[in-house]
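Single-letter residue listing:
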Amino acid sequence: MADKTGIVDTNDNQQGHPAHGQPTQSPTATSTTAASTTAAAPPPTEEIKGGVSGGGLPSPQQQYQHGSYSNGNSNGKTKGKDLQVEETEHHEHKDEISPELEAFLHTDPMHGLDDEEVQKRLENFGPNSFKESKKNPILKFLGYFTGAIAYLIEVACIISAVVGDWLDFGIILALLLVNACIGFIEEAKAESALDALRQTLALKTRCWRNGHLVELDTSALVPGDVIVLRLGDIIPADGRLLGIGVTGEATEGDLLIDQSALTGESLPVGKKKGDVVYSSSIVKQGQQMAVVTKTGINTFIGRAANLISITAEEGHFQKIINRIGNFLILITVVLVGIILIYQLVHFHGTDEGKFLTVLGKVLVLTVAAIPVGLPTVMSVTMAIGAKQLAAKQVIVKRLTAVEEMASVSVLCSDKTGTLTLNELTFDEPYLANNYSAEDILLYSYLAAEPGANDPIELAVRTAAEEQLPLLQNRTHKHDVPGFKVTSFLPFNPATKLTQATINNKESGETFKVAKGAPQVIIKLVGGDDDAVRAVNAMAKRGLRALGVARTHGESMDEFELIGMIALIDPPRPDSADTIARCKHMGVDVKMVTGDQLIIAKEVAHRLGLTRVILDANHLVDPNKSDEEVTEHCIRADGFAQVIPEHKYRVVELLQKRGIIVGMTGDGVNDAPALKKANVGIAVHGCTDAARSAADIVLLAPGLSTIVDGLMTSRAIFQRMRSYALYRITSTIHFLMFFFVVVMAFDWSLPAHLLILICILNDLATLVIAVDNAQLSPHPDKWRIGQLIFMSFTLAIFLCALSFAHFFIFWKVFGYEPVTTPGDGPEHRLESVMYLHISSAPHFVIFSTRLTGYFWVNLPSPLFATVIIGTQIIALLMVVFGGLTPKIPFSQAIVILLISFAYFIFLDAIKVQMFKMWSFELTAQFVRTPARRKKLAERRARKKQQEAVWKDIDKIREIVLKLKCLEALNEQPREEGQTAEYPQEQKGEKAEIGEMEEIRALANQGGAGGSGSGTIADVNEKDEYVKGEDNLRNA
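Computed from a predicted structure; not experimentally measured.

Novice: Quick one: what's the story with empty space enclosed by the protein, residue by residue and with numbers?
Specialist: Per the stated rule, a full pass over the model turns up 14 cavities of 30 Å³ or more. A volume near 120 Å³ is recorded for the second largest cavity. Residue lining of the second largest cavity: 14 residues in total, with Arg721, Leu725, Gln786, Leu787 and Phe914 positioned closest to the centre. Breaking the lining of the second largest cavity down by element, the ones donating at least two residues are helix H26 (704-745) and helix H28 (784-811). Ranked by residue count, the leading element in the lining of the second largest cavity is H26, at four residues. Looking at side-chain class alone, the lining of the second largest cavity contains five nonpolar, five polar and four charged residues.

In structure tokens, the structure reads:
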């Protein structure tokens, strides 16, 4: 096997592993029978040296100059040998085992449990599985008929059947079915997250029972069972390693476990006797027995499954639709109810006063008023958006996620496999004794085990094969031109290294190459303080180090250091750009990872994030309130060393603050947070559990398609908001106008004209799904108060125009409001009001498309054609008659032109309302406790920001004065002499840049919370500058 355990790692997981901070034993340098033939071992030829293709590796001298590592390339002089490689503490979540459970774990490892005891424990702890209550598909389909608007439409449908209005009944029922089918079909392919979790579990395991080693179904395991874990096994339950093999012998070395899908750690971690291994992780090296500690829902993965099963909240979009629906229901029921009561009383004792007759009249008003097409239009809009995303290899599983993504202001992201590649790559190495980066690649390749399926060996071999021309275009994959491996010792847990004996075919020289744990290689070469410093520096940056050495001179036992390979799981090529673009769009990206804190900080730095990464203790600190923890979540750039429960908590706390949260991930450990988030995004190559828990699945590698999703969703949001504003305005206008004319004149449009307006206009607005949209530079948000206020305002102006048409054509042209049925010339007012009510509110949609003036972003040709074409149809109907009495063409065209011109007037009113609208205005007029609290917090943050900026300006002024004094003191000028001070100017620019950075931090602090940390930094710098000033004066 490869030397995966021989690396210094900031992941440095388990104790008992040299890669994870355990003190190592003295290595035994194993010699071979090959004899040395030369006095010195020269580096490879110039051909090899020229082989590294611009991989971004600086020369050793550049490394030293840049301060990457102390004394980056040793020149062979005497060096100190006293320093030791620092041990980096590894942090891992540890499950608590109660004393009661501990009593069940002392099983004889060579006998196991007997059948009677197993039965008792099965009754006590249950089987090693977890159940899911699946929802009936029929009930799921019926769920699409729930909601405020749906209930109102269903009531109208029932009343239509009662009064025998079968045309209305058919139309309404069809709209209900279309809306439900769109949602059901789009989401039908969604898989069960718990089913996918169950697929990651082992199906069979080997276990000691009644003194025999038997094979069992994993569901039969109970706490206290002794199981055998071997290479390639999927661990069937949480367990504690016993440190012995299957026959009871003590085992050498650690058991390497791949638990990346559970914890987010990119490499297998070493586990020794007494350490806990988790269900569904995979054994990568070694063999040991373990005693089962937890089963079923109590395991690490079981708790994740439980979090998924309890996450079944109403979606954000559904809440918005319900709030809009509740308002429309309220106004419709109140106004129509008043009309119903008035007509029953006014026509009491007549045929017109019969309940079913009156009910039929008000039913028509109700059907025409309620937005029966609202759910359908929005579903179609989202479905078309989902189809657009599918063309970019973004699959939308939950349709409403398309809209909710537009409102996402915080995007939490897993690191391993999401922001990074989840594979080790060759990073900037530390080099010694005048060796080059090409040399260390070649020698490490010579000491690598051919064909080993190991991430470290794969990283070394891949880097060498890609960057060394010597290894390219070979006839045999495992041959190295010019060299022959005569002997190879694979990785040994005792020595912590691999060793190869190499023969140089050209010179005949034979030498050894050793590759392994840094502390082992450093001891092998007799000590090297510079190398120790380099390894410690790598460890502090989260890099994994691997030492490489070779023999020199005639002795085959004297090694000299070539250098230290640096390995890291690098960010995806597009991750940094995606994060930058998300920030530009107003989305704050936070990294939430189970990996170690120092690794998370290094990756955050490479991604362009700041290093404000906190460990999981900040999320579960019992001394902090939820409010304080939420502030940590808002202001930090991420969290490290977290478990699934912590990721879930981060999302939950942000949501409680009213933030719309997106989550990206790829592993089982991400599944609960993906399910909890408003929008869960599973990346390419994710596990089945993550894919099933997510709302959106990326089929292409990388994260750049997330930005495509944000842009598409914001376009969809703008279309949906414009339709909602138009439809609510139309509904309020319709109800207000007909409430007055029915109550005052007992007049209304015929039922077929009312239904025609409703159907034609709503069907026409379906094309809004393909309309041009002006994208918002910031996350969108449904402002229901603003939406209703603006709808009321626009509706009042529309009512004024409607009453003007009603009275002008009545009083001036003599078109009286006749209440008797018929279609003669005396009913021409019906044609006038039909054309007006069909066109005037409908043209308003040209205005509601944007927050600015309508000409800033013109509608698409298709959208404009359909909207105008619908009203031309209405125009032709009233001109030629048929369904309504004829009116002169001149009057009809004037009505249509007035309606078109009036939307331009309303557009100006809309723009002014958007300009005047602010949260402060809302909080002043509608003074709810939540709004008052939020307004007070905003004012406090603004005041604090101003104070911070004032302090920064003072510091900047002091610094500039100091620089001027330094320039005068250090370089006095003679009279008339002009001199420039490049160093001083450079320093001044640096100070100015530093001040700008502090100002940016102050902005961030003010926006995110109290900003106290920023003030402390500023005050500290202020004190430092003042102290320096006093010292100079003294």
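Novice: Outline the sheet that holds strand E3 (residues 226-229), listing residues and values.
Specialist: The sheet built from six strands is open, its strands ordered E2-E1-E3-E9-E4-E7 with antiparallel pairing. A single partner strand is all that each edge strand has here, and the edge strands are strand E2 (212-217) and strand E7 (276-277). For strand E4 (residues 238-241) and strand E9 (residues 288-294), the ladder comprises four bridges, and the chain directions are antiparallel. Bridge assignment links Asp238 to a residue of E9, and that residue is Lys294.

Novice: Describe the pattern of salt bridges, naming the residues involved and giving the relevant values.
Specialist: Under the definition given, this model contains 22 salt bridges. Its salt-bridge partner being Arg849, residue Asp771 comes within 2.5 Å of it at the nearest N-O pair. Taken together, the residues span a long stretch of sequence, with Asp771 in the loop between helix H27 (751-764) and H28 and Arg849 in the loop between helix H30 (845-848) and helix H31 (861-880) at a distance of 78 residues. When the shortest N-O distance is used, the salt bridge between Lys910 and Asp907 registers 2.9 Å. Note that Lys910 and Asp907 are positioned in helix H32 (residues 889-916) at a spacing of three residues, about one turn of the helix. Residue Lys910 shares its accessibility class with Asp907, and that shared class is buried.

Novice: Provide a residue-level description of a positive patch on the surface, including the pertinent values.
Specialist: On the surface, Lys781, Arg783, Lys934 and Arg938 cluster together to form a positively charged patch. You can see Lys781 is positioned in the loop between H27 and H28. Residue classification places Lys781 among the partly exposed positions, given a relative accessible area of 44%.

Novice: So, the packing of H28 against H32: which residues are in play, and what are the values?
Specialist: Packing of H28 against H32 leaves a shortest axis separation of 11 Å and a crossing angle of 150°. In terms of axis orientation, H28 runs roughly antiparallel to H32. Seen along the crossing, H28 lies across H32 with a hand that is right-handed. On H32, the residues touching Gln786, Phe789, Met790, Thr793, Leu794, Phe797, Leu798, Leu801, His805 and Phe809 of H28 are Gln891, Ile895, Ile898, Tyr902, Phe905, Leu906, Ile909, Lys910, Met913 and Phe914. By residue class, the composition of the contact of H28 with H32 is 15 nonpolar, four polar and one charged.

Novice: So what about helix H21 (residues 597-606)? Which residues, and what values?
Specialist: Buried within H21 we find Leu597, Ile599, Ala600, Glu602, Val603 and Ala604. Against helix H15 (415-419), strand E17 (559-568), strand E18 (588-592), strand E19 (613-615) and strand E20 (638-640) lie the buried residues of H21. Downstream of H21 by one or two residues, Gly608 has phi in the positive range, about 90°.

Novice: Describe the packing of helix H22 (residues 626-635) against helix H23 (residues 644-656), naming the residues involved and giving the relevant values.
Specialist: With their axes 9 Å apart at the nearest point, H22 and H23 run at an angle of 100° to one another. With respect to each other, H22 and H23 are oriented roughly perpendicular. Along the contact surface, H22 presents Asp626, Val629, Thr630, Cys633 and Ile634, while H23 presents Arg649, Val650, Leu653 and Leu654. Classifying every residue of the contact of H22 with H23 by side-chain character gives six nonpolar, one polar and two charged.

Novice: Tell me about a nonpolar patch on the surface, and name the residues and values.
Specialist: Judged by side-chain polarity, Ile868, Ile872, Leu876, Phe880, Phe900 and Ile904 come together as a nonpolar surface patch covering roughly 530 Å² of accessible area. Per-element tally for the nonpolar patch: the top contributor is H31, with four residues. Mapping Leu876 onto the fold places it in helix H31. Since its relative accessible area comes to 42%, Leu876 is described here as partly exposed.

Novice: Give a description of the nonpolar core that names residues and reports values.
Specialist: Grouped together as the largest cluster of nonpolar side chains are 139 residues, with contacts concentrated most on Ile324, Met378, Ile696, Phe738, Leu749, Trp782 and Met833. Discounting residues that sit within four places of it in the chain, Ile324 has contacts with Leu374, Ile728, Trp782, Ile784 and Leu787. With 36 residues, the next largest nonpolar core counts Val629, Val650, Ala673 and Ala690 among its residues.

Novice: Quick one: what's the story with the pairing of E2, residue by residue and with numbers?
Specialist: Examined bridge by bridge, strand E1 (residues 204-209) and E2 share six bridges and lie antiparallel to one another. Considered in E2, the bridge of Cys207 is made with Val214. Where E1 hands over to E2, the hairpin turn is made up of two residues, of which Asn210 adopts a positive phi near 55°.

Novice: Now, about unusual backbone geometry: what can you tell me, with residues and values included?
Specialist: Phi angles above zero are rare outside glycine, and Asn433 is one such case at about 55°. The topology assignment puts Asn433 in the loop between strand E12 (425-431) and helix H16 (437-446). In this structure, Gln641 takes a positive phi of about 60° despite not being glycine. Turning to its location among the elements, Gln641 is positioned in the loop between E20 and H23. Taking the relative accessible area as the measure of exposure, Gln641 reaches 17% and is therefore buried.

Novice: Could you give an account of the packing of aromatic side chains, with specific residues and numbers?
Specialist: Tallying each qualifying case throughout the model produces 32 aromatic pairs. With centroids separated by 6.3 Å and ring planes inclined at 40°, the aromatic side chains of Phe813 and Tyr815 adopt a geometry described as tilted. The exposure class assigned to Phe813 is partly exposed, which follows from its relative accessible area of 41%. With relative accessibility at 4%, the residue Tyr815 sits in the buried group. The ring of Phe511 carries the charged tip of Arg550 above its face, separated from the ring centre by 4.0 Å. Here the basic side chain of Lys811 rests over the ring of Trp810, its NZ or CZ set 3.9 Å away from the ring centre.

Novice: Tell me what's going on with the side chain of Thr498, and back it up with residues and numbers.
Specialist: Following the sequence through the fold, Thr498 ends up in strand E14 (residues 497-504). The class of Thr498 is buried, set by a relative accessible area of 0%. A distance of 3.1 Å separates a polar side-chain atom of Thr498 from the backbone oxygen of Ala447.

Reading the values: the criteria
The numbers attached to residues start from 1 for each chain and follow its sequence in the written order. Totals for whole chains, interfaces and linings use every residue, but because this is a predicted model, local features are given only for residues with pLDDT of at least 70 and side-chain atom pairs only at 80 or more, for both listing and counting. Values shown for side chains rest on all heavy atoms present in the structure; no hydrogens or waters enter the calculation. A 1.4 Å probe that fits but cannot get out identifies a cavity on a 1 Å grid over protein atoms alone, an open set with protein on both sides within 12 Å along at least five of seven lines counts as a pocket, and a residue lines either if it has an atom within 4 Å of a point. Grid points are joined across faces, edges and corners, and a volume is the space filled by probe spheres set on the points. Each helix is a run of DSSP H or I of at least 4 residues and each strand a run of E of at least 2, with the numbering of both proceeding from the N terminus. Residues are grouped as follows: Ala, Val, Leu, Ile, Met, Phe, Trp, Tyr, Cys and Pro are nonpolar; Asp, Glu, Lys and Arg are charged; every other residue, Gly included, is polar. Pairing between strands is defined by DSSP: at least two bridges between the two strands are required. Any carboxyl oxygen of Asp or Glu within 4 Å of a side-chain nitrogen of Lys or Arg constitutes a salt bridge here. Note on classification: 1.4 Å probe, protein chains only; a residue is buried when its accessible area is under 20% of the maximum for its type, exposed when over 50%, partly exposed between these limits. Two joining distances apply to patches: 9 Å for like charges and 5 Å for nonpolar side chains (Val, Leu, Ile, Met, Phe, Trp, Tyr), and every residue must have over 30% relative accessible area and no salt bridge. Areas reported as accessible are Shrake-Rupley estimates using a 1.4 Å probe. Residue values count occlusion only from the protein chains shown. In this tally Asp and Glu are treated as negative and Lys and Arg as positive; neither His nor the chain ends contributes. Where a charge sits is defined by one atom per residue type, namely NZ (Lys), CZ (Arg), CG (Asp) or CD (Glu). Note on geometry: axes are C-alpha line fits, over the in-contact stretch for helices, and angles between N-to-C directions span 0 to 180 degrees. Every angle not falling under 35 degrees, over 145, or within 65 to 115 is termed oblique; those three ranges are roughly parallel, roughly antiparallel and roughly perpendicular. Two helices crossing with the near one rotated counterclockwise from the far one by less than a right angle form a left-handed crossing, whereas a clockwise rotation gives a right-handed crossing. Residue contacts follow a heavy-atom distance rule, with two residues in contact if any of their heavy atoms lie within 4.5 Å. Among buried residues, those of type Ala, Val, Leu, Ile, Met, Phe, Trp, Tyr and Cys that are joined through side-chain atoms within 4.5 Å constitute a nonpolar core. Note on aromatic contacts: the rings of Phe and Tyr and the six-membered ring of Trp form a pair at centre separations within 6.5 Å, being stacked when their planes are under 30 degrees apart, edge-to-face when over 60 apart, and tilted otherwise. Our definition puts a charge over a ring when NZ of Lys or CZ of Arg is within 6 Å of the ring centre and also within 35 degrees of the ring normal. Whenever a nitrogen or oxygen atom comes within 3.5 Å of another N or O atom, the pair is scored as a polar contact, on the condition that within protein one atom can donate a hydrogen and the other can accept it, and that pairs from neighbouring residues in sequence are kept only if both atoms are in side chains.

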